[in-house]
Amino acid sequence: MPRYELSLILKAMQRPETAATLRRTVETLMERGAVVRDLENLGERLLPYKMTKHNEKHIRGTYFLVDFYAAPKILEGLLDHLHRDVDVVRPAVLKKDEQAPKANCCVPEQ
Amino acid sequence: MLCVRRLRSLKTALYVSVNPGSRSLTSEIIQMENPYKEPQKGCTLCNVTVDFKNIQLLSQFVSPHTGRIYGRHITGLCGIKQKEVSKAIKKAHSLGFMSVTHKHPQFMKDPNICGIKHLD
């Protein structure tokens, strides 16, 4: 199964609510047959610009990164579900590159 | 007749006699790599993976006043890396990791990689 990365920006909330949102998200992933590999917390910080979502202007947010393996057909449904979640400000699913970067990329032409 | 003799004597005087037994330099050229060859220089991001999450690295290639991405003639990166950096910065903009119109004030004091001098 291809490997994906979910970059999640959650609303600035108290710890138990953030935990509940994360739990909900991971459970949704697992229900749709994804295998969650890693969950990283990139911390709560000031957003680079004000984001409007669900009729609310967000200035601060918590950044999370979820690594998972999933079938490609669940992604559309998953993104739709995440966009409808009130606590999520900006969800994004990206494909993860399995290959290592090329070693001789910067060989100057002669 | 006399001039022919003189010419012949001149020829024998000027002609350098080569010992038939010795080897001349031109017959054997030793092939070797250029000993003065300098090691190949890559660009500054030669073996560095570029990621959209690494905003500190990406902010080094962005103007502190306007947040615009510097061109190849300023960053000094090779074609592949410049494209990767550009794509990563745009991805970071759209995913909400990096600001579009300015550079994060936390990264203003970072060392200058790009060959550009700001007037302030």
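Preceding this paragraph is the structure being described.
We now turn to the structure provided with this report. Computed from a predicted model, the values in this text were never measured in an experiment.

Concerning the sheet that holds strand β2 (residues 35–53) of chain A
All names here are of chain A.
1) Next: Taken together, four strands build an open sheet; the order of strands is β2-β3-β1-β4 and the sheet is antiparallel. Strands at the two margins of the open sheet, each flanked by one partner only, are β2 and β4 (88–95). If you compare each strand with its neighbour and ignore which way they point, the axes differ by 20 degrees on average.
2) Next: Inspection of the sheet shows strand β1 (residues 3–11) paired to strand β3 (residues 56–69) by nine bridges, in the antiparallel sense. By the bridge assignment, K11 is partnered in β3 with G61.

So, the packing of aromatic side chains
1) Next: With the rule as written, the count across this model stands at three aromatic pairs over all chains.
2) Next: Relative to F97(B), the ring of F52(B) lies with its centre 5.4 Å away and its plane at 85 degrees, an arrangement referred to as edge-to-face. In this pair, F52(B) sits in the loop between α1 (2–14) and α2 (55–59) while F97(B) sits in the segment after α4 (79–95), placing the two residues 45 residues apart along the sequence.
3) Next: Each member of the aromatic cluster is reached from another via a ring pair, and the members are Y63(A), F52(B) and F97(B).
4) Next: It is R45(A) that lies over the ring of Y63(A); its NZ or CZ is 4.3 Å from the centre.

A look at the interface of chain A and chain B
1) Next: Facing 21 residues of chain A, the contacting portion of chain B comprises 23 residues.
2) Next: Summed over the shared surface of chain A and chain B, the number is one salt bridge.
3) Next: A salt bridge links E5(A) to K53(B), with the nearest nitrogen and oxygen atoms 2.7 Å apart.
4) Next: Seen at the junction of chain A and chain B, the total is four residue pairs in polar contact (both at pLDDT 80 or more).
5) Next: The element contributing the most residues to the side of chain A that touches chain B is β2(A), with five residues.
6) Next: A per-class count over the side of chain A that touches chain B returns 15 nonpolar, two polar and four charged.

Cut-offs applied
- Residues numbered from 1 in each chain as written.
- Chains lettered and ligands numbered in written order.
- Predicted model: local features only at pLDDT ≥ 70, side-chain atom pairs only at ≥ 80, totals over all residues.
- Heavy atoms only, no water.
- Pairing = 2+ DSSP bridges.
- Helix = DSSP H or I, 4+ residues; strand = E, 2+ residues; numbered from the N terminus.
- Axes fitted to C-alpha atoms, helices over the stretch in contact; angles between N-to-C directions.
- Phe/Tyr/Trp six-rings, centres within 6.5 Å; stacked < 30°, edge-to-face > 60°.
- Lys NZ or Arg CZ within 6 Å of the ring centre and 35° of its normal.
- Contact = heavy atoms within 4.5 Å.
- Salt bridge = Lys/Arg side-chain N within 4 Å of Asp/Glu carboxyl O.
- Polar contact = N/O pair within 3.5 Å; in protein donor to acceptor, adjacent residues only side chain to side chain.
- Nonpolar A, V, L, I, M, F, W, Y, C, P; charged D, E, K, R; others polar.

By themselves, these observations are geometric and do not establish any function.
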